[in-house]
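Take a look at the letters that make up each chain.
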Amino acid sequence: MALRDREEPAMLAYESFLKKDYMSAFQHLNELEGLVTNTSLIKRVQQNKAVVEFYGSDLKDIEKFKCTMSLLIGLTFPDVEMKELNLPFTLYNYAVLLYHSRHYYQCTVVLEKLLMTKNIKDIKLYQQIVLLLMEATLCRRTYDKTLEVAKTYGEPVKSNNEIVPLFERLISRAQVFVGQKIKLKPDCIENIFIIAQQQYLNGDLKESANTLGLYKSLKFNYDVKTQGEDIWAAINNNLGVIYLSIKKPFLAAKYFQHAVKEHFKAMESEDRERLIDCKDRPIYVYNLGLALLAANNAEGAFECLVEAARHYPNNPRIWLRLAECCVKKCCNEEAQQFTVKKLGSGPHTRILLAKEKPEKYSTSGESFAIPSLSLEFAALCLKNAISLLPNQEVPSDITAPLFQAPPGPPINWKQCCELKNSILVLQSYVYLNLQDPQSASITANELLSQPDVSNSHKAWAHIYAAEALINLDKITEAVEHLHPPMIHELVSVLPYQMRDLIAVSVWAKAAVCHILRGDLITARKILLQINSPRVLPLQMYLEICTGNIENCHSILRKLRFSNLTQ
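Residues numbered from 1 in each chain as written. Predicted model: local features only at pLDDT ≥ 70, side-chain atom pairs only at ≥ 80, totals over all residues. Heavy atoms only, no water.

The protein chain goes by CCR4-NOT transcription complex subunit 10 in an unreviewed UniProt entry, where it is assigned to Papilio xuthus. Per its UniProt entry, the protein chain bears the Function (unreviewed entry) comment "Component of the CCR4-NOT complex which is one of the major cellular mRNA deadenylases and is linked to various cellular processes including bulk mRNA degradation, miRNA-mediated repression, translational repression during translational initiation and general transcription regulation." Under the Sequence similarities (unreviewed entry) heading, UniProt states for the protein chain: "Belongs to the CNOT10 family." (UniProt positions renumbered as here; feature names shortened; annotations may be inferred.)

Put into structure tokens, the structure is as follows:
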């Protein structure tokens with residue numbers, strides 16, 4: 001068959017594609033497919049037909065395109081164990097699909113295999129492979145790898161002036177996170193974001209906010225259809241991050257809410273099903289959840305973080321934050337005022353001071369796996385968080401990334417230990433409130449056995465362990481956790497508010513131990529030194545036990561006043 005016979009429909013198909021006449025391009029490719037006999041060429045034509053069809057659907061028929069690419073290379077999406085690499089264009093398109101489906105690791109595997117073949121003859125394809133590989137490594141937060149790719153494969157990219165600015169921006173994004181200085185000018189919206197990010201990471205929060213504000217002076221054409229991301233959502237999100245960093249959660253929540261609204265507005269357009277559309281709403285919702293949690297809005301934070309957990313189920317931080325929402329909500333409801341009731345009359349009057357205790361576990365029959373603001377669900381979240389932490393020996397470099405935790409940065413060994421300690425201390429508290437002292441004691445002792453525990457975590461672990469042992473009627477063992485010199489040493493370096501809170505808890509537990517031992521006088525001396533409404537019921541109990549009924553009236557007045565002011 002003459003080469004000219006094949007060249008004519010191929011050229012016509014290409015010209016029609018450039019003119020966006022996808023129907024004509026598809027017809028010419030059908031004609032070409034009937035002329036070629038080589039298997040490799042047939043697959044190339046079929047790949048081009050799939051691309052033309054995909055563009056004909058305005059990049060919306062993603063599933064059909066994904067199926068065709070997978071079929072041509074003999075894989076099931078998102079597998080990457082390909083045996084042949086003789087279809088570089090098809091493999092590149094497959095990598096693009098992997099990238100937009102957030103399979104960043106698989107995307108890098110395919111692209112690295114393509115570059116290692118060293119038989120890519122089309123320079124434009126080579127340049128696109130390098131750029132996509134750099135973007136995928138950035139998304140995986142392997143910034144050193146991004147710079148390595150740029151250094152190893154970047155020279156041919158520099159020959160194309162049209163993509164040099166993009167290439168330099170990708171390098172700068174990696175340099176920001178490895179602590180290198182960037183040389184970008186704030187002359188376009190993309191550069192403004194990168195410069196502001198470096199200022200934020202360097203602690204120059206005011207400068208970062210001012211840099212983001214420069215977008216007002218720029219002329220740019222940046223919309224969802226051409227760029228795949230909504231600029232207004234991104235700006236509001238970044239401003240929210242800045243305000244959350246300076247402990248202004250209410251203002252941060254406002255900006256995150258704007259980001260979510262802007263994203264919804266963009267997604268309501270007819271282009272929402274396009275492949276390149278930004279799918280960053282889970283990140284905005286996650287940030288909003290953190291801001292609402294910091295603003296003590298447990299219900300709103302819980303709704304946001306539940307959605308974030310659906311998108312990022314392998315992030316232990318999200319499960320810990322969900323548990324914190326449950327604890328905040330349940331503790332607020334459970335820091336119920338003590339009920340003071342009178343029973344009988346005259347000399348037979350009895351005063352009943354009560355606070356309802358929850359059952360050990362709910363018997364309502366509802367599944368604890370269903371998200372709800374309950375302590376049972378908090379316990380389940382904390383179990384999930386613990387199970388997601390790696391169980392391995394201490395690495396040689398404790399600051400090196402240990403595992404990925406999107407949408408946040410990777411977690412290193414030191415952060416992993418701190419996270420585990422936070423989970424254990426909250427887990428012990430939750431078990432105590434679920435009337436499960438055995439589990440609380442085990443968890444508290446596990447925390448105390450950790451090799452690297454902060455003083456505050458260690459102090460709370462002793463307090464929770466003591467309370468659990470008191471509930472288990474092991475008073476002698478409980479006293480060992482409340483040794484004053486040991487606790488004083490632990491809290492001496494903490495902020496005064498935390499120090500006072502721990503001191504009240506320790507002395508209250510110590511008073512309980514003395515009461516249970518029958519030493520009411522010592523317990524009373526201890527409680528008289530504590531100026532906190534939290535110990536008033538205990539003080540009243542002691543006054544009744546020691547026969548000081550008159551003092552009970554003043555304690556009742558204090559108790560009622562504290563209930564009114566809570």
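Participant: How would you summarise the nonpolar core if you had to cite specific residues and measurements?
Facilitator: In this structure, Leu322 and Val430 are the most contacted members of the largest nonpolar core, which totals 60 residues. Sorting elements by how many residues they give to this core places helix α17 (residues 316-334) first, with 9 residues. Shared between two domains, this core holds at least three residues of each, these being domain 1 (184-221) and domain 2 (223-356 + 368-391). Filtering out sequence-adjacent residues up to four positions away, Leu322 remains in contact with Phe302, Leu305, Val306, Ala309 and Cys381. Judged by nonpolar contacts, the second largest core, of 48 residues, contains Tyr92, Tyr104, Val157 and Phe167. (Core = buried A, V, L, I, M, F, W, Y, C linked by side-chain atoms within 4.5 Å. Buried < 20%, exposed > 50% of the residue type's maximum accessible area, 1.4 Å probe, protein only. Helix = DSSP H or I, 4+ residues; strand = E, 2+ residues; numbered from the N terminus. Domains from an automatic or database assignment. Contact = heavy atoms within 4.5 Å.)

Participant: Break down a nonpolar patch on the surface for me, with residues and values.
Facilitator: Residues Met11, Tyr14 and Leu18 make up a contiguous nonpolar surface patch of roughly 340 Å² in combined accessible area. Here Met11 shows up in helix α1 (residues 3-18). (Patch = residues over 30% accessible without salt bridge, like charges linked within 9 Å, V, L, I, M, F, W, Y side chains within 5 Å. Areas by Shrake-Rupley, 256 points an atom, 1.4 Å probe, with all protein chains shown as cover. Salt bridge = Lys/Arg side-chain N within 4 Å of Asp/Glu carboxyl O.)

Participant: Any details on helix α20 (residues 437-448)? Residues and values, ideally.
Facilitator: With 12 residues, α20 should reach 16 Å at 1.5 Å per residue; the first-to-last C-alpha distance of 16 Å fits that figure. Residues Pro437, Ala440, Ser441, Thr443, Ala444 and Leu447 constitute the buried set of α20. Buried residues along α20 sit in contact with α19 (413-433) and α21 (455-471). (Expected span 1.5 Å × (residues − 1).)

Participant: I'd like to hear about helix α7 (residues 123-139), residue by residue, with values.
Facilitator: When the terminal C-alpha atoms of α7 are compared, their 25 Å separation across 17 residues agrees well with the 24 Å that a helix rising 1.5 Å per residue should span. Judged by how many residues are buried, α7 sits mostly within the fold: 13 of 17 residues are covered. Measuring from the backbone nitrogen of Lys124 back to the side-chain oxygen at the start of α7 gives 3.0 Å, which picks out Asp122 as the cap. Just past α7, the residue Arg141 takes up positive phi, approximately 60°. (Polar contact = N/O pair within 3.5 Å; in protein donor to acceptor, adjacent residues only side chain to side chain.)

Participant: Outline the side chain of Gln198, supporting the account with residue identities and numerical values.
Facilitator: The residue Gln198 is located in helix α10 (residues 189-201) in this model. The residues contacting Gln198, other than those within four sequence positions of it, are Val176, Gln180, Lys181 and Ile182.

Participant: Tell me what's going on with the packing of aromatic side chains, and back it up with residues and numbers.
Facilitator: Two descriptors summarise a pair of aromatic rings, namely the distance from one centre to the other and the angle between the planes of the rings. Counted according to the given criterion, the structure contains 12 aromatic pairs. Look at Tyr22 and Tyr55: their rings are 6.0 Å apart centre to centre, the planes differ by 40°, and that puts the pair in the tilted class. Of this pair, Tyr22 sits in helix α2 (residues 22-33) while Tyr55 sits in helix α3 (residues 39-56), and the two are 33 residues apart along the sequence. With a relative accessible area of 18%, Tyr22 lands in the buried category. Ring centres of Tyr429 and Tyr464 lie 5.7 Å apart, and the angle between their planes is 50°; on these two criteria the pair is classed as tilted. Here the residue Tyr429 occupies a position in helix α19, and Tyr464 occupies one in helix α21, the gap between them amounting to 35 residues. In this structure, Lys66 packs its charged tip against the face of Phe77, placed 4.5 Å from the ring centre. (Phe/Tyr/Trp six-rings, centres within 6.5 Å; stacked < 30°, edge-to-face > 60°. Lys NZ or Arg CZ within 6 Å of the ring centre and 35° of its normal.)

Participant: Which residues make up the pattern of salt bridges, and what are the values?
Facilitator: This structure, assessed with the given rule, holds 10 salt bridges. Measuring nitrogen to oxygen at the nearest pair gives 3.4 Å for the salt bridge that ties Lys66 to Glu63. Of this pair, Lys66 and Glu63 both sit in helix α4 (residues 62-73), separated by 3 residues, roughly a single helical turn. A salt bridge links Glu155 to Lys158; the nearest nitrogen and oxygen atoms lie 3.2 Å apart. Here Lys158 falls in the partly exposed class, since its relative accessible area comes to 45%. Here the salt bridges share partners, and the residues they tie into one network are Glu112, Lys145 and Glu148.

Participant: If you had to explain the packing of helix α6 (residues 104-117) against α7 to someone new, which residues and values would you point to?
Facilitator: Relative to each other, α6 and α7 sit at 145°, their axes nearing to 9 Å. For α6 against α7, the interelement crossing comes out left-handed. Counted together, Tyr104, Cys107, Thr108, Leu111, Glu112, Leu114 and Leu115 of α6 and Tyr126, Ile129, Val130, Leu132, Leu133, Ala136, Thr137 and Cys139 of α7 form the full contact between these two elements. Here the contact of α6 with α7 is built from residues that sort into 12 nonpolar, 2 polar and 1 charged. (Axes fitted to C-alpha atoms, helices over the stretch in contact; angles between N-to-C directions. Left-handed = near helix turned anticlockwise from the far one by under 90°. Nonpolar A, V, L, I, M, F, W, Y, C, P; charged D, E, K, R; others polar.)

Participant: Can you explain the state of the cysteines? Please cite residues and give values.
Facilitator: Counting across every chain of the model gives 0 disulfides. Summary of cysteine pairing: Cys107 is not part of a disulfide, and the nearest cysteine sulfur, belonging to Cys139, is at 8.6 Å. (Disulfide = S-S within 2.5 Å.)

Participant: For the packing of α4 against helix α5 (residues 88-100), give the residues involved together with the corresponding values.
Facilitator: The description of two helices packed together rests on the angle between their axes and the distance between the axes. For the pair α4 and α5, the least separation of the axes is 10 Å and the interaxial angle reads 135°. On the basis of the axis angle, α4 is oblique to α5. The interaxial crossing formed by α4 with α5 has left-handed handedness. Every residue of α5 that contacts α4 at Ile62, Phe65, Lys66, Met69, Ser70, Leu72 and Ile73 is listed here: Thr90, Leu91, Asn93, Tyr94 and Leu97. Within the contact of α4 with α5, the residues separate by chemical class into 8 nonpolar, 3 polar and 1 charged. (Parallel < 35°, antiparallel > 145°, perpendicular 65-115°, else oblique.)

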